Structure formats: C-alpha cells, structure tokens
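Chain by chain, the residues:
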Amino acid sequence: MNSGQNPIPCSPTLPIDDALGVKHYYFALLPYPDQPGLSLNKSVSLKKMRTVVASSPAVLRYREQYLQRLAHHDRGYMKSVPSTQVNTWVWRENDVNVRHQPTLRKMLANLNSQSRFSISVPCEHGHVAFLKLFLDIPETDLKTELSSRSDYWCDQLIPVMHDLTVKHIEQINPLANFNVLSPTCIKILQMVADGDSSQEISQKLHLTERGINYHLDRARVVVGAKNRIHLISLAHRLGVLANRQWDGPNGESSIAQQVR
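Residues numbered from 1 in each chain as written. Predicted model: local features only at pLDDT ≥ 70, side-chain atom pairs only at ≥ 80, totals over all residues. Heavy atoms only, no water.

### Quick notes on the nonpolar core
Then step 1. Core analysis: the largest hydrophobic core is formed by 50 residues, its most contacted members being Y62, Y66, L175, L181, L189, V223 and V240.
Then step 2. Judged by nonpolar contacts, the second largest core, of 26 residues, contains I119, V121, L133 and C154. (Core = buried A, V, L, I, M, F, W, Y, C linked by side-chain atoms within 4.5 Å. Buried < 20%, exposed > 50% of the residue type's maximum accessible area, 1.4 Å probe, protein only.)

Structure below.
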C-alpha cells in the first residue's frame, strides 16, 4: 500500500443493519468481462488497481497480503469473475488450501473478523460494483442469515454501493484505475472537454500535436467512440472526467486510498 495518498476523512462504517457485524469493507469498480480495452486477469490485473475505497488501512493491508499470498490457493477466488447480474457469495474457508487456512484465520483475526461476504452489482456504462465485507460472525451463521434474508441484504447494500460509486467515480472508474487510460491521456481529455484544440494542448503540455492526437485516437478506440465529441461524452459518462453529473444521494462512509 502506498501510504503517500491521503485518505478521504469520513466514517469507516456502513449505514446498514448491524446484524451482520460488519467490521471492515472495501469497494471497487471492475470492468465487465467483455468491456473494450479491459480484460481482468485475476490478481495480475487487480494488482494494477491504483485506488480502492476501504474502511481502514488495515483492510488494505489484508487485501494486499491476500493477493500476494492466498489468492492462488483459494478456489473461490480462482472461480470468481465480474458478473453482469447481481451476485452474492460467502468466501468459504474450506475453499482455501488446508495448509494456508491458518494464515487466512490470522489475517481475519487482525481485522476482528471471522467471515467474508461479497456482493457485485452491474452498473450502467460497463462497470461492475464490487463490495467485500469482513464480518464478526461465524461463517455458518453468515450462510444461515443469507439463505433466509438474501433479498433483505441486497436491498440494504445496493443503495450503499450506489452512493460509493457516486462519490468516488472519478477515482475508481476502471479506465483510469487500471491504467488503461494514462494520466496524460486523461489530462488531454479534460483539456479537450474544456475547449482546447490539439495545438493549444500541445503548447500547454509541451507535447507534439501528433502525440496529442495519438492519445485521443487510442482513447476513442478504447471506449468505442465514433468521433471526438462522442469521446468526451463517453468519458464523462464513464466517470473518467471531472464534474461527472449523477442522479442520486452522496456517499457518506468510506476512505479512498491508494493501493499498490
């Protein structure tokens, strides 16, 4: 984890029923499996994720250690892919190789947690919202609770995920967060959106016009835009550019922090 990034100051808790005993969480936007320009290759690509929304630095340390040490020993992780439908699942300890289960239990204990639960929800314009919860209830009790009240928990969590998306779309949209579009490319897109020509951008960024147009052409291919106007429209819609307009309430409880 890169501690140089300042967290957004807000509450680490989620505004939901406390029956699950949520201790920590993290949230991200992932690409659809067939989204142009993005192919999620499990932990290799997940490690490229620069920013994640999380309840604490401790859960980011867990995430980093899990991807480095346990992910490839977890059958549940290896089988999981972003879904275009609402999907919920319990991360089972037994899916982790027996030799590595004590390590998992120790990592969860550091979070004062006993079990893990995830929900993924398809969003408009090619994103999948992913929320992982760390809970202070046994895995068996979690399974019982979800089997009897799955719809209730979806109704609780989906609005929270919407709020987190609204609040942090510019930081966690996959095109920027997975470095599909470089910071330079995004800067150029913002300047085009502000009305600058390629020549003006070239002068301000000390790049050649050919270089400016290369970035714009590549971005157009990645997002499937027909022309420059369409490109800027899609960049706003996908949350790549600033001043993204959304309908819905503001998110209230999270920390956006840099990850390795």
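Now that the structure is up, let's keep going.
### Describing the pattern of salt bridges
Then step 1. For the structure on display, the rule yields seven salt bridges.
Then step 2. A salt bridge links R75 to D95, with the nearest nitrogen and oxygen atoms 3.7 Å apart. With R75 in helix α3 (residues 75–79) and D95 in the loop between β3 (87–91) and α4 (101–109), this pair connects stretches of sequence that are 20 residues apart.
Then step 3. Across the salt bridge formed by R149 and E145, the nearest N and O atoms sit 2.7 Å from each other. Linking R149 with E145, this pair stays in helix α5 (residues 139–172), spanning four residues, or about one helical turn. (Salt bridge = Lys/Arg side-chain N within 4 Å of Asp/Glu carboxyl O. Helix = DSSP H or I, 4+ residues; strand = E, 2+ residues; numbered from the N terminus.)

### Re the packing of helix α7 (residues 183–193) against helix α10 (residues 228–237)
Then step 1. Interhelical geometry of α7 versus α10 gives an angle of 110° and a closest axis separation of 10 Å. In terms of orientation, α7 lies roughly perpendicular with respect to α10. The interaxial crossing formed by α7 with α10 has left-handed handedness. For the pair formed by α7 and α10, the contact residues are L189, V192 and A193 on the first element and R228, L231, I232, A235 and H236 on the second. (Axes fitted to C-alpha atoms, helices over the stretch in contact; angles between N-to-C directions. Parallel < 35°, antiparallel > 145°, perpendicular 65-115°, else oblique. Left-handed = near helix turned anticlockwise from the far one by under 90°. Contact = heavy atoms within 4.5 Å.)

### Section: the packing of aromatic side chains
Then step 1. For the structure shown, the criterion picks out eight aromatic pairs.
Then step 2. Ring centres of Y62 and Y66 lie 5.9 Å apart, and the angle between their planes is 15°; this geometry places the pair in the stacked category. You can see Y62 and its partner Y66 sitting in helix α2 (residues 57–70), four residues apart, about one turn around the helix.
Then step 3. Here Y62 falls in the buried class, since its relative accessible area comes to 3%.
Then step 4. Under the relative-accessibility criterion, Y66 is labelled buried at 3%.
Then step 5. Both rings, one in Y152 and one in W153, keep their centres 5.0 Å apart while their planes meet at 75°; by these two values the pair is edge-to-face.
Then step 6. For W153, a relative accessible area of 1% translates into the label buried. (Phe/Tyr/Trp six-rings, centres within 6.5 Å; stacked < 30°, edge-to-face > 60°.)

### Side note on the side chain of S202
Then step 1. Relative to the helices and strands, S202 is located in helix α8 (residues 198–205).
Then step 2. Residue S202 is classed as buried on the basis of its relative accessible area of 13%.
Then step 3. Beyond its immediate stretch of four places on either side in the chain, S202 contacts L207, T208, E209 and I212.

### Notes on the layout of surface pockets
Then step 1. Taken as a whole, the second largest pocket encloses approximately 160 Å³ of empty space.
Then step 2. Residue lining of the second largest pocket: P12, T13, L14, I16, D17, D18, V22, K23, H24, Y25, S55 and S56, and that is the complete set. (1 Å grid on protein atoms, 1.4 Å probe; cavity = no way out; pocket = protein on both sides within 12 Å on 5 of 7 lines; lining within 4 Å. Points joined across faces, edges and corners; volume = space filled by probe spheres on them.)

### Some points on unusual backbone geometry
Then step 1. One non-glycine residue, N179, lies in positive phi territory at about 60°.
Then step 2. Structurally, the position occupied by N179 is in the loop between α6 (174–177) and α7.
Then step 3. In the Ramachandran plot, H206 falls in the positive-phi region, its phi being about 60° despite a non-glycine side chain.
Then step 4. By the secondary structure assignment, H206 is in the loop between α8 and α9 (209–223).
Then step 5. Using a relative accessible area of 70% as the deciding quantity, one classes H206 as exposed.

### Thoughts on the environment of K132
Then step 1. Examined against the element boundaries, K132 turns out to sit in strand β5 (residues 127–135).
Then step 2. Its relative accessible area of 1% is what places K132 among the buried residues.
Then step 3. Along the primary structure K132 and V90 are separated by 42 residues, whereas in three dimensions their C-alpha atoms are 9.7 Å apart.
Then step 4. The residues contacting K132, other than those within four sequence positions of it, are H24, Y25, Y26, Y62, W91, R116, F117 and S118.

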